[in-house]
Amino acid sequence: MPLLLPGAGPAQHRQHRGDAHPGAGGAFAQLGDRGVVGARVAEERLLASRRTRLLGVMVDIHSPFHAELVEHLHTAAEEVGYDLVLSTQTRTRDEHTAVETLLAFRSEALILLGPTAPADTLAALDRKAPVIAVGRRIADAELDVVRTADDDGVSQTIDHLAGLGHREIVYVDGGKGVIATDRRRGYRTAMRRHGLGAHIRILHGDKTEAAGERAARHLLDSGELPTAVVAFNDQCAIGVLAALSRADIAVPGEVSVAGYDDDTLSRLSCFDLTTVSQNAREQARQSVAAAVERLDQGRTEPREVVLPPRLVVRGSTAGPA
């Protein structure tokens, strides 16, 4: 094997050896270099051929529901001999960066929780590694999707409240994105179905507790307090509960409040929140199963799994006073 001089690259090394040993010696040095390069290429190919058995998961670090999903994903992955690599979205770390990190760790498939990238971007990503989009409807999807019927979940909540006698039911929106659009549509459709189209009222919001607090303060300041508030998710609903509590508004005595996701916080006795379960365990199981079908069983056609949501009635809703 050629001896590399300190500070000398391969070209400099060949020149030095060629000067010292003309003819056969120079040829020997070149063969040695080619042997080194060939060994490195072979090693790289071997590494590339080795399977990592890693499933990359993109998760929103601020979402309690995503945290629960990850727990179930770990269990489902271990049962079939895979492990997870997690990459987080934060307020300063976007979806693209999170995905690129998963690819850098040689994830064999990508399980993306609530992705917001355009459908064609996700389809292009699926050509690099199998993609499973969790929680989001994608029209004419060219990749695997696992989700619940978000519009139906909100519709069940409106059915519940209307059945209790509520008419003034306000919805705190989730902002932009397909998930927010579907849940907003579920609210509008169900209100009209119950003959409450004239009472439709949607407040700007997002998926945070702060958005719920702002919406509740707006209702309090307006002097037009409804008898029920439905929030985009449980985090937003908890913000509504906090603002109403500070204003000494009894829940559910004066205002009923409902959320969506059935996350771990919603089950605490201090909130006791009526909400909609997305069946996190089954979503996780179906997501891992989809990845395994793509990686180990040769499935190439995209598949969408739509799970039925389930209303979970707790102590934050009751009939209007």
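On a predicted model such as this, the values are computed, not experimentally measured, just so you know.

Structural notes on the confidence of the model for the protein
Right, so step 1: Mean pLDDT for the protein: 88, with 85% of residues reaching 70 or above.
Right, so step 2: In this model, residues 1–25 is a region of pLDDT below 50 whose contacts with residues beyond four sequence positions or in other chains number 19 contacts.

Quick word on the packing of helix α6 (residues 150–164) against helix α7 (residues 178–193)
Right, so step 1: Across the interface, α6 lies against α7 with an axial gap of 7 Å and an inter-helix angle of 35°. Seen along the crossing, α6 lies across α7 with a hand that is right-handed. Counted together, Asp150, Asp151, Val154, Ser155, Ile158 and Asp159 of α6 and Ile179, Asp182, Arg183, Arg185, Gly186, Tyr187, Ala190, Met191 and Arg193 of α7 form the full contact between these two elements.
Right, so step 2: Here the residues of the contact of α6 with α7 sort into six nonpolar, two polar and seven charged.

Digging into the packing of helix α3 (residues 64–79) against helix α10 (residues 280–296)
Right, so step 1: Between α3 and α10, the shortest axis-to-axis distance is 8 Å and the interhelical angle comes to 50°. Compared by their axis directions, α3 and α10 come out oblique. By crossing handedness, the relation of α3 to α10 is classed as right-handed. Residues Phe65, Glu68, Leu69, His72, Leu73, Ala76 and Ala77 of α3 lie in contact with α10, whose contacting residues are Ala280, Arg281, Gln283, Ala284, Arg285, Ser287 and Val288.
Right, so step 2: Within the contact of α3 with α10, the residues separate by chemical class into eight nonpolar, three polar and three charged.

Thresholds applied
- Residues numbered from 1 in each chain as written.
- Predicted model: local features only at pLDDT ≥ 70, side-chain atom pairs only at ≥ 80, totals over all residues.
- Heavy atoms only, no water.
- pLDDT = per-residue confidence, 0-100.
- Contact = heavy atoms within 4.5 Å.
- Axes fitted to C-alpha atoms, helices over the stretch in contact; angles between N-to-C directions.
- Helix = DSSP H or I, 4+ residues; strand = E, 2+ residues; numbered from the N terminus.
- Left-handed = near helix turned anticlockwise from the far one by under 90°.
- Nonpolar A, V, L, I, M, F, W, Y, C, P; charged D, E, K, R; others polar.
- Parallel < 35°, antiparallel > 145°, perpendicular 65-115°, else oblique.

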